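Listed here are the chains, written in short residue letters.
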Amino acid sequence: MLALDRKMLRDLRAMWSQALAIALVLAAGVATLILAVGAYRSLDETRTAYYERYRFAHVFASATRAPRGLIERIREIPGVAAAEARIQEFALLDIDGFALPANGLVVSLPAHGSAQVNKLFIRSGRLPQNGETAAVAINEDFATAHGFRVGSQFQAILHGRKRRLNVVGIALSPEFIYATGPGDFVPDDRRFGILWMNEAVVEASYNLENAFNSVSLLLRRDASEPDVIKHLDTLLARYGGTASYGRKDQFSHAFLDAELQQLSAMSRILPPIFLVVTVFLINMILTRLIALEREQIGLLKALGYRSTAIAMHYIKLVIVIAVLGVAIGFVLGTWLGDLLTRMYGDFFHFPFLVFQRSADIYVASAAISVAAAVLGAARAAWQTLTLSPAVAMQPPAPARYRQLLRRRSALLRHISQLTVMVLRHIIRSPLRAGVTTLGISLSVAVLVTSLFPVNSVNFMIDATFFQSDRQDATFTFGDERPPRVLQDVARLPGVLSAEPFRTVSVRMRQGQFERRTQIVGRPPGTDLSQVLGQNVTPVFLLGADFSQILDQSLTQISLPESGLALTEKLAQLLQVRQGDLVTVEVLEGHRAVVEVPVTVIFKSFIGLAAYMEMQALSDLLDEGPNVSGVHVAVDKRYEADLYEVIKNTPALSAIGLQKVSLEKFRATMAENIVFMTLVYTSLGMLIAFGVAYNSARIQLSERGRELASLRVLGFTRAEVGRILIVELAIFTIAGIPLGWLIGYGFAWILIQGFESELYRVPFVIERSTFALAALVILAAVTVSMLIVRRRVNNLDLIEVLKTRE
Amino acid sequence: MKAKKKSEPAEVFRAEGVTKIYRTGDVEVHALRGVDMALYAGELAVLLGPSGSGKSTLLNILGGLDTASGGQVLFRGEELTALSESALTLYRRHNVGFVFQFYNLISSLTARENVALVTEIAENPMRPEEALDLVGLTERMDHFPAQLSGGEQQRVAIARAIAKRPEVLLCDEPTGALDSKIGIIVLEALTAVNEELGTTTAIITHNAAIREIAHRVFYFADGRIASTHVNDRRLKPGDVTW
Ligand SMILES: Nc1ncnc2c1ncn2[C@@H]1O[C@H](COP(=O)(O)OP(=O)(O)OP(=O)(O)O)[C@@H](O)[C@H]1O
Ligand SMILES: [Mg+2]
C-alpha cells in the first residue's frame, strides 16, 4: 500500500467519530429521499394493484328504484366493461355493550355468481349464501373496532325491523377503504360498518324486489368517462337517479387520494430540502476539514508530490466517508420506507402490499451525495494547492483585523484576553463563522419544517370542529322532511338547541368547467354550524400574494340573501369570480336548471361546498322549506338517554356524532402525521447533532494548539473549555433565529404541495414549534460540547511544544 | 527569599530518583532512569546532553506539564508528584514561566495581549508593558506574532513567561530556532530577568558554549545526570563565542 493511502486510512481511524457524524448527516438526507419516495410509490402501486385485481368501479350512480332489467341496457353503454346492480341502504345498529348509536350501510351481494365489479377480499370466513337470511359479512375496520369475529352477532334495524345478524365473514373492499357514516366528516369504524348481505334478503327488507338503487361500472381502457356518465344519467333519470359520478367524487377514493397526495407532497418537497441541506452541510464540513490539512498539503507539495496526487488523496478520504453515509442512508431509508408503507398499508387496510424499489432514487441520492463531498474536498485542497509550499506550511497571517484592533484597543483592554481571542477568531474568519452559523440554522430549519405539519393539522381540526362545526351531533334523514321535524328533534332528551339544514346534490357549470357538488342551505345567523372562512384581502408584497401567510384568522361568512357563497377552491375549479353567473343543475326532485350569481367567495380548509341561505335554496328548488338534517347541541348529562332513544327510533335514521368522530380523527391524524413527523424529526435531529458535533470538533482542531498552549501557561481546563463553548454559543445563538426564518420558508414551500380538492391545509407554525426546534439544537450543541470538552481535558500539552505550528 | 539568598540559598527544586517510562504498546522507553538533582533560589542552570537523553522530559516534570513514573519531585518542599491535575494547573499558573523553542504564542493576540493573557490570571504580575520593556520590545507591543521575527517572538514569549514574576523560569532550547546574534539578545533577556528578579532559571540547550553563562551545568546522558559542573566565572551572553 502506498504511504499516502496508509496516511488516509490512519487519518480516517483517528477521526472516526467525526467521520461517522458526517456520514450520519449524509445518511439522514439520503434516507429521507428513499423512505418518502419509496413509501409513496409502494402505496400508490399497491392501490393501483388493489383496484385492478378487485375491479374497483370507475363510475357510480344511485337511483330510488330502478328495475333489475335495466342493468342489461347499462351494460350495453359503449365503453362499459362490466356493470353491477345492487341495493344500498342505511341501517341503524344496536351493538351489545356499545352505548353510542351506530350506522350500517347494507350492500346487497349478487344472487348468482360473484361480483364483477368491486370484488371483495375475504379476510376470514365466507360470504353469506342464498337463503341465509341472518348472515352478514362485515368490513374489517368495523369488525376490529368491536372485536367481531366469524360467529359474532349484533342487531340491526333494517327498514324499521330489528333483527339479529350473524357475522359469517370479514371482508375488505376497494370501494370502502375509507368508509364514513352519514353526517360524519371522518371515518369512525366503531360507529359505521358495511354490511354485505344476500340480495334476496335486502330486496325483501327494503321492499325493492326485482329492483336496484345503486350501480357501479367498470370501464374499458378506451372509454370516455364523461360520455358514459351522460349515457347512464339518461337511463337512470326516470328512476330517480342522481347524477352519476367518477372515482374522483367517490368518497373513499377521494380521501385516499388526498392522503396519498399529501404523502407525495411530502416525498416531493421535504426530502429534496433535506438532501440539499445535508449535501450543503457535508460540503461545508469537508471544506473546513480539508482546510485544516493546509500544512500537510504544503509539506506534501514541498516533498514533490503532484497537485493532482495530493488532491486525489483527500478526495479518496471524503469518498470513503460519503460512501459510508450513502450506505447507511440506503439501509435506513429502505427500512423506514418499508415501515411507513406497512403502517399506511395497515391504516388503509390494503389486503396486500406491493413494495416498490426504484433504482433511480438510490442512484440519484448516491450521486448527489458523493459529488457534493468530493466538491467540498476538492475546493479546499485546491485553495491550498495554489499556494506555494512555503506559504502553505505557515499558518495564514492575521492581517485582516489589524485596523479594527487599533481603533478599539483602549476598549479591548477592559475585556479579558480570552474574550478577545474568541472575538478575534470570529472576526478574522467571517466565512468560517458564517458557515458554522449557517450549518446550525439549516438544522433548525429542517426541524421546523418537519415539526410544523402537526400545527397546521391541529389548526384545521380546531377551525373545523370547534369554530365552524360546533354541533355535537347531526341528524341526517336521507330524504326531505317538513320543517316541523325540527321541533321533534328539539324535544328529544338532552337536546339543547337545534338548527336545520338542507343539502341538495347539484352539478355546477360555467362555460366548459363543471363540478358535481352539494349546495348546503342554512338559516341566516346559525350558531352551531357556521360557515367560516377567510375573507380574502390580498396583501401584495414584491408582487407576491401574502394574504394567506399573514392572516389565518377566520370569520363567519354571512350568507347572502340570494346567490351562492363558494369556497375559493370550487370557484377556482369553475373559473368564476364574484358576480359571475353559474348554471346550477339540481340532481333531485324537479331537476331544475337555473342560473345563480356567485355573491361570496371565501377561503376554507375543507371541501368543495357551496352555501346558500336556506330560504333562497327553497325558492331555487321551487319547493317548501324542507329540511335534510338537523344540527344539535347536546347536554352531556343526558347523552345516554338521547342515544337510547335514537337507537330505537328508525325514523331518525342516521346520526353523526361530530365530537366523537373528532376524537377518532385526531387519533388517526396523530397516528400518521405524528409518525411521519417523528421520522423526519429524528432525521432532523441526527443532522443537527452531526452539524453541532462537527462544528465543535473542527473548532477544536483549529484551536487545539492554542488551547494546549493556554493550558501550559496555567489556564484551567474550564477556562480553556469556555473559549470553545463561548464561540460555539455565539454561532448557535446567531444561527437559531436565522434557522427559524429559513424553516418558515421551507414550510411554506411544503404547504403548497398539501392542497387537494378535499382540503387545503392552513399554514400555521406555532411558537412551540420554533421553541422546540431551538431546544433540540441547543441540546445537540450541548451534548457535542460535552464530548468535545473531554477532548479539551485530555489535550496533550507536551506534544504541542515539540512541534512547530 | 532574597535575604536568604546571599548566605544560604534556599532549595527550589529537589528531584530524587526520578524515573519516567513511556509505554507505547509493548515498547517501553526509559526516558529518565533515576535523576537526582537540586536547583537553588536565584540560580541559573544550563542542561546539556545528547538528543533523547531526557532533558525535556525532566524539565516538563519540573514544570508540572508531565508526571514522573517513579521517584520524588519537591518544589519548595512540596511534592509535585502528589498534586492533582487542577493543583498542577494552579502551580503552573502561579510559579512557573515557560519558554519553548517554538514560541507558542497565540496568533490572534498581539504581543501586549499575549503577555496580558498571563498577567490577567497571575497573583502579583507586572504590567505587560513593563515585561515587554525588560526584553526590549516596547516598540512592537501592538504587533501580531505573524508580524514579528523569530527572535522578537521568542522575546515576547520570555516577557509572557516572566510577567507574572514566577519563581522559576524553564526554557527548552529558547535559542534553538534563532541565529547567534538574535540568540544572544534572547539570552541577555533571560540573564537580565535572572539577575534583576532573582528568578531561578533552567535552560536546555544544544549549544555547549552557552554553558558559560550558567552558575551550574548539568550534563545528561541516557536518562541520567552524568555530571555536574560549577562555573567559577560566568560570562555575559555577549561574550560567549559560538
Ligand atoms: N511521548 C513520548 N512517547 C514515547 N517516548 C517518548 C515520548 N516523549 C519522549 N520520548 C522518549 O523519551 C526520551 C527522552 O526524550 P526527551 O524529549 O526528554 O529528550 P531530549 O533530551 O529533550 O532530546 P532533544 O535534545 O532531542 O530535545 C527519548 O528517547 C524520546 O524518544
Ligand atoms: Mg528536548
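The shown structure was predicted, so the numbers you read here are calculated from the model rather than taken from an experiment. (Residues numbered from 1 in each chain as written. Chains lettered and ligands numbered in written order. Predicted model: local features only at pLDDT ≥ 70, side-chain atom pairs only at ≥ 80, totals over all residues. Heavy atoms only, no water.)

What to know about helix α19 (residues 639-647) of chain A
- Buried within α19 of chain A are the following residues: Leu 642, Tyr 643, Ile 646 and Lys 647 of chain A. Viewed along the axis of α19 of chain A, the buried residues span an arc of 130°, placing them on a single side of the element. (Buried < 20%, exposed > 50% of the residue type's maximum accessible area, 1.4 Å probe, protein only. Helix = DSSP H or I, 4+ residues; strand = E, 2+ residues; numbered from the N terminus. Arc of directions from axis to C-beta.)

As for unusual backbone geometry
- We note that Arg 55 of chain A has phi near 50°; this positive angle belongs to a residue other than glycine.
- For Arg 55 of chain A, the location among the structural elements is in the loop between α2 (16-53) and β1 (59-67).
- Positive phi outside glycine occurs at Glu 173 of chain B, with the angle close to 50°.
- Owing to a relative accessible area of 18%, Glu 173 of chain B belongs among the buried residues under this scheme.

Looking at the domain arrangement of chain A
All names here are of chain A.
- As assigned here, chain A comprises domain 1 (88-207), domain 2 (416-470 + 658-805) and domain 3 (473-656).
- Taken together, the contact between domain 1 and domain 3 spans 15 residues of the former and twelve residues of the latter.
- Together, the buried faces of domain 1 and domain 3 total about 1,100 Å²; carbon and sulfur atoms form 61% of this surface.
- There are zero salt bridges connecting domain 1 and domain 3.
- One can count zero residue pairs in polar contact (both at pLDDT 80 or more) joining domain 1 with domain 3.
- Residue composition of the side of domain 1 that touches domain 3, grouped by class: eight nonpolar, three polar and four charged. (Domains from an automatic or database assignment. Contact = heavy atoms within 4.5 Å. Buried area = accessible area lost by both parts, 1.4 Å probe. Salt bridge = Lys/Arg side-chain N within 4 Å of Asp/Glu carboxyl O. Polar contact = N/O pair within 3.5 Å; in protein donor to acceptor, adjacent residues only side chain to side chain. Nonpolar A, V, L, I, M, F, W, Y, C, P; charged D, E, K, R; others polar.)

Here we look at the site of ligand 1
Residues and elements named next belong to chain B.
- Near ligand 1 you find 14 residues, and of these Ser 51, Gly 52, Ser 56, Thr 57 and His 206 are the closest.
- Measuring from an oxygen atom of ligand 1, one finds a backbone N or O atom of Gly 52 at 2.8 Å.
- In the environment of ligand 1, an oxygen atom lies 2.6 Å from a nitrogen or oxygen atom belonging to the side chain of Ser 56.
- Computed on the free molecule, ligand 1 has an accessible area of 640 Å², of which 68% lies beneath the protein chains in the complex.
- Secondary-structure elements contributing two or more residues to the shell around ligand 1 are β2 (27-40) and α2 (55-62).
- By residue number, the principal contributor to the shell around ligand 1 is α2, which donates three residues.
- A class-by-class count of the residues in the shell around ligand 1 yields four nonpolar, seven polar and three charged. (Near = heavy atom within 4 Å. Areas by Shrake-Rupley, 256 points an atom, 1.4 Å probe, with all protein chains shown as cover.)

A look at the pattern of salt bridges
- Per the stated rule, a full pass over the model turns up 35 salt bridges over all chains.
- For Glu 514 of chain A, the salt bridge goes to Arg 509 of chain A, with nearest N and O atoms at 3.9 Å.
- The class of Arg 509 of chain A is partly exposed, set by a relative accessible area of 27%.
- Measuring nitrogen to oxygen at the nearest pair gives 3.2 Å for the salt bridge that ties Arg 140 of chain B to Glu 152 of chain B. Residue Arg 140 of chain B is located in the loop between α5 (128-134) and α6 (150-162), and its partner Glu 152 of chain B is located in helix α6; the two are separated by twelve residues in the primary sequence.
- Connected via shared salt-bridge partners are Asp 233, Arg 507, Arg 509, Glu 514 and Glu 585 of chain A.

Side note on α2 of chain A
Residue and element names in this part refer to chain A.
- With 38 residues, α2 extends 51 Å between its outermost C-alpha atoms, agreeing within 8% with the 56 Å of an ideal straight helix rising 1.5 Å per residue.
- Where burial is concerned, most of α2 is hidden: 28 out of the 38 residues are buried.
- Looking one or two residues past α2, Arg 55 carries a phi angle of roughly 50°, positive in sign. (Expected span 1.5 Å × (residues − 1).)

Considerations on the sheet that holds strand β8 (residues 200-204) of chain B
Residue and element names in this part refer to chain B.
- Judged by pairing direction, the sheet is mixed, and its six strands sit side by side in the order β6-β7-β8-β3-β9-β10 without closing on themselves. Every interior strand has two partners, whereas the edge strands, β6 (96-100) and β10 (224-230), have only one. Along the sheet, successive strands turn relative to each other by an average axial angle of 15°, direction set aside.
- With six bridges joining them, strand β9 (residues 216-221) and β10 adopt antiparallel strand pairing. Counterpart to Arg 216 in the pairing with β10 is Val 230.
- Sheet strands in contact with helix α3 (residues 85-95) are β6 and β7 (168-172), and its direction is about 80° off that of β6. (Pairing = 2+ DSSP bridges. Axes fitted to C-alpha atoms, helices over the stretch in contact; angles between N-to-C directions.)

Concerning the packing of aromatic side chains
All names here are of chain A.
- A complete count under the given rule lists 27 aromatic pairs over all chains for this structure.
- Between Phe 60 and Tyr 245 the ring centres are 5.7 Å apart and the planes differ by 20°, which places this aromatic pair in the stacked class. Taken together, the residues span a long stretch of sequence, with Phe 60 in strand β1 and Tyr 245 in strand β11 (residues 242-246) at a distance of 185 residues.
- Its relative accessible area of 5% is what places Phe 60 among the buried residues.
- Both rings, one in Tyr 178 and one in Phe 347, keep their centres 5.9 Å apart while their planes meet at 75°; by these two values the pair is edge-to-face. Remark: Phe 347 occurs in helix α9 (residues 307-348) and Tyr 178 occurs in the loop between β8 (161-172) and β9 (192-198); sequence separation between them is 169 residues.
- Residue classification places Phe 347 among the buried residues on the basis of a relative accessible area of 16%.
- In textbook terms, an aromatic cluster arises when at least three aromatic residues are bridged by ring pairs, as seen for Tyr 50, Tyr 54, Phe 121, Tyr 178, Phe 251, Phe 255, Tyr 344, Phe 347, Phe 348, Phe 350 and Phe 352.
- Looking at Arg 53, its charged tip hangs above the ring of Phe 352, at a distance of 4.1 Å from the centre. (Phe/Tyr/Trp six-rings, centres within 6.5 Å; stacked < 30°, edge-to-face > 60°. Lys NZ or Arg CZ within 6 Å of the ring centre and 35° of its normal.)

Overview of the sheet that holds strand β1 (residues 11-24) of chain B
Residue and element names in this part refer to chain B.
- Sheet architecture is open: four strands sit in the order β2-β1-β4-β5, paired in antiparallel fashion. Sheet topology places β2 and β5 (78-79) at the edges, where each strand pairs with a single neighbour.
- Where β1 and β2 come together, eleven bridges link them in antiparallel fashion. Opposite Val 18, over in β2, you have Val 35 as the bridge partner.
- Sheet contacts for α2: β1, β2 and β4 (70-75); angle to β2, the most-contacted strand, approximately 60°.

A closer look at a nonpolar patch on the surface
Residues and elements named next belong to chain A.
- Taken together, Leu 423, Ile 427, Val 726 and Ile 730 make up a surface patch of nonpolar side chains, about 280 Å² in accessible area.
- At the level of elements, α13 (417-428) and α21 (717-752) are the ones that each hand at least two residues to the nonpolar patch.
- You can see Leu 423 is positioned in helix α13.
- For Leu 423, a relative accessible area of 34% gives the class partly exposed. (Patch = residues over 30% accessible without salt bridge, like charges linked within 9 Å, V, L, I, M, F, W, Y side chains within 5 Å.)

Brief notes about the environment of Tyr 744 of chain A
Residue and element names in this part refer to chain A.
- Locating Tyr 744 in the fold gives a position in helix α21.
- Classification of Tyr 744 by relative accessible area gives partly exposed; the value is 30%.
- For the pair formed by Tyr 744 and Val 764, sequence separation is 20 residues and the distance between their alpha carbons is 9.8 Å.

A word on the confidence of the model for chain B
All names here are of chain B.
- Scored by pLDDT, chain B comes out at a mean of 86, with 96% of its residues at no less than 70.
- Considering only residues more than four positions removed or in separate chains, one finds that residues 1-6, a stretch of pLDDT under 50, has eight contacts.
- Quick note on the complex model: pTM equals 0.73, ipTM equals 0.74. (pLDDT = per-residue confidence, 0-100.)

What about the packing of helix α7 (residues 251-291) of chain A against helix α10 (residues 359-385) of chain A?
Residue and element names in this part refer to chain A.
- Following both chains from N to C, one finds α7 and α10 inclined at 30°, their axes separated by 7 Å at the closest point. Considering their axes alone, α7 and α10 lie roughly parallel with respect to each other. For α7 against α10, the interelement crossing comes out right-handed. The residues of α10 that touch α7, namely those facing Leu 275, Val 279, Ile 282, Asn 283, Leu 286, Thr 287, Ile 290 and Ala 291, are Ser 365, Ile 368, Ser 369, Ala 372, Ala 373, Leu 375, Gly 376, Ala 377, Arg 379, Ala 380 and Ala 381.
- In terms of residue class, the contact of α7 with α10 is built from 13 nonpolar, five polar and one charged. (Parallel < 35°, antiparallel > 145°, perpendicular 65-115°, else oblique. Left-handed = near helix turned anticlockwise from the far one by under 90°.)

Considerations on the packing of helix α4 (residues 111-119) of chain B against α6 of chain B
All names here are of chain B.
- Two numbers describe how α4 lies on α6: the axes approach to 8 Å, and their chain directions differ by 25°. Our classification of the angle between α4 and α6 gives roughly parallel. Here α4 and α6 pass one another in a crossing that is right-handed. Residues Ala 111, Asn 114, Val 115 and Val 118 of α4 lie in contact with α6, whose contacting residues are Val 156, Ala 159 and Arg 160.
- Here the residues of the contact of α4 with α6 sort into five nonpolar, one polar and one charged.

Considering the pairing of strand β3 (residues 88-94) of chain A
Residues and elements named next belong to chain A.
- Direction of pairing for β3 relative to strand β4 (residues 102-109): antiparallel, over a ladder of six bridges. Along β4, the bridge assignment pairs Phe 90 with Leu 105.
- Taken together, the three bridges between β3 and strand β7 (residues 153-158) define a ladder with antiparallel strand orientation. Within β7, the position partnered with Leu 92 by the bridge is Ile 157.

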